[in-house]
Amino acid sequence: AQKVTQAQTEISVVEKEDVTLDCVYETRDTTYYLFWYKQPPSGELVFLIRRNSFDEQNEISGRYSWNFQKSTSSFNFTITASQVVDSAVYFCALGPPSTGGFKTIFGAGTRLFVKA
Amino acid sequence: SQTIHQWPATLVQPVGSPLSLECTVEGTSNPNLYWYRQAAGRGLQLLFYSVGIGQISSEVPQNLSASRPQDRQFILSSKKLLLSDSGFYLCAWSPRRTEAFFGQGTRLTVV
C-alpha cells in the first residue's frame, strides 16, 4: 500500500529561523515520484518540486532544500532563514504507482507559522 | 504557458440544490484532469480523474459526479447537495502521471 506520513501537524518558528518539514513514505514500487506542494492562505496548491526515485541527490533552490533518502523512505524539506511569506500548509505527495493508476497520495500536510 | 481556471471561487448553496463547478485548462492538449476535495483545510481527497474526453474514474463513491465534455474542460456536478458536501474543491491538471498544477479552488458551503 502507498502512504505518506507528515508527522508534524503544525510548526511555529520565528522569522530567520531554519525549519525542516518531515515526510516519510511507503511504497512497493521501485520507481516513483515524490512531490512537495505549498498551500498559502489563498488556498491554491503550488507545486514546488518533483523528485524521481532514481535521483537521490539533494536539491537546493534559493532558501529551499530537499533531502531525499531512499534508505529511510524520507523526503524532507528545509526552509533556510524563514520568512513570514513562507507561512502556509506544506504537502508531501507520492506519485501514482508505476504499475498503473493515476492516484497521487498526499500527506495530511504540515502547517507552518512564521512569526515576524 | 499553461493555465488552469476554476470557478466560482466561493459558493453557498442550500441543501438539495444542484451543483456545477467548472474547470478549464489552456495551453496544453490531452491533459490528465483531477477533482480533489479538501475538508477542514487539511488533507486532499481525490474524487475523480480523467485521462481523456468522456473518460471518468471515480475514487470515492458519493453524491457527486464528473464529466469531461471537451479535452480541456472538467465539470463537477451534483443533483442534490448534502451538508457533507461542504468543503474546498480543487481542480488540477497534469501533463502525464507526475506533478499536478492546481486551480484556485472553490469554497463550497452547503447550508
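These notes cover the structure that comes with them. (Residues numbered from 1 in each chain as written. Chains lettered and ligands numbered in written order. Predicted model: local features only at pLDDT ≥ 70, side-chain atom pairs only at ≥ 80, totals over all residues. Heavy atoms only, no water.)

In this section: the overall build of chain A. Scanning chain A from terminus to terminus reveals 0 helices and 12 strands. At 14 Å, chain A has a C-alpha radius of gyration in line with the 13 Å of a compact globule built from 116 residues. Dimensions along the principal axes, computed over C-alpha positions, put chain A at roughly 45 × 30 × 20 Å. Every one of the 116 residues in chain A was classed for burial, and the buried ones make up 47%. Entry remark: accessible area of chain A is about 5,600 Å², with carbon and sulfur atoms responsible for 50%. Considering chain A, the positive charge centre built from 11 side chains and the negative charge centre built from 12 side chains are found 4 Å apart. (Helix = DSSP H or I, 4+ residues; strand = E, 2+ residues; numbered from the N terminus. Rg over C-alpha atoms; globule rule 2.2 N^0.38 Å. Buried < 20%, exposed > 50% of the residue type's maximum accessible area, 1.4 Å probe, protein only. Areas by Shrake-Rupley, 256 points an atom, 1.4 Å probe, with all protein chains shown as cover. Lys, Arg positive; Asp, Glu negative; His and termini not counted. Charge placed at Lys NZ, Arg CZ, Asp CG, Glu CD.)

This brings us to the overall build of chain B. Counting its regular elements, chain B contains 0 helices and 11 strands. Reading chain B from its N terminus to its C terminus gives the helix and strand order β-β-β-β-β-β-β-β-β-β-β. Relative to the compact-globule value of 13 Å for 111 residues, chain B shows a C-alpha radius of gyration of 13 Å, a close match. Expressed as lengths along the three principal axes of its C-alpha atoms, the size of chain B is roughly 40 × 25 × 20 Å. In chain B, buried positions account for 48% of the 111 residues. Partitioning the intrachain contacts of chain B with sequence separation of at least 6 by distance along the chain shows that 53% fall at a separation of at least 24. As displayed, chain B has an accessible area near 5,000 Å², and 52% of this comes from carbon and sulfur atoms. Taking the average place of the 9 positive charges on the side chains of chain B and the average place of its 6 negative ones, the gap between the two points comes to 6 Å. (Contact = heavy atoms within 4.5 Å.)

Here, disulfide denotes a covalent bond that connects the sulfur atoms of two cysteines. Residues and elements named next belong to chain A. Inspection of the entire model under this criterion finds 2 disulfides over all chains. In this model Cys-23 forms its disulfide with Cys-92; the gap between the sulfur atoms is 1.9 Å. Judged by the sign of its S-S torsion, about -65°, the cystine formed by Cys-23 and Cys-92 is left-handed. Separated by 69 residues along the polypeptide, Cys-23 in the loop between strand 3 (19-21) and strand 4 (24-26) and Cys-92 in strand 10 (residues 88-94) bring together distant segments of the chain. The burial state of Cys-23 is the same as that of Cys-92; both residues are buried. (Disulfide = S-S within 2.5 Å.)

All names here are of chain A. Covered by surrounding structure in strand 2 (residues 10-14) are Ile-11 and Val-13 only, the residues Glu-10, Ser-12 and Val-14 on the alternate face being uncovered. Pairing of strand 2 with strand 12 (residues 110-115), which is carried by 5 bridges, proceeds in the parallel orientation. Opposite Ile-11, over in strand 12, you have Leu-112 as the bridge partner. (Pairing = 2+ DSSP bridges.)

Residue and element names in this part refer to chain B. Mapped onto the fold, Asp-85 is located in the loop between strand 8 (73-78) and strand 9 (87-94). Of the residues examined, Asp-85 reaches a relative accessible area of 3% and is grouped as buried. What Asp-85 contacts, discounting residues up to four positions off in sequence, is Arg-37, Asn-63, Leu-64, Lys-80, Leu-108 and Val-110.

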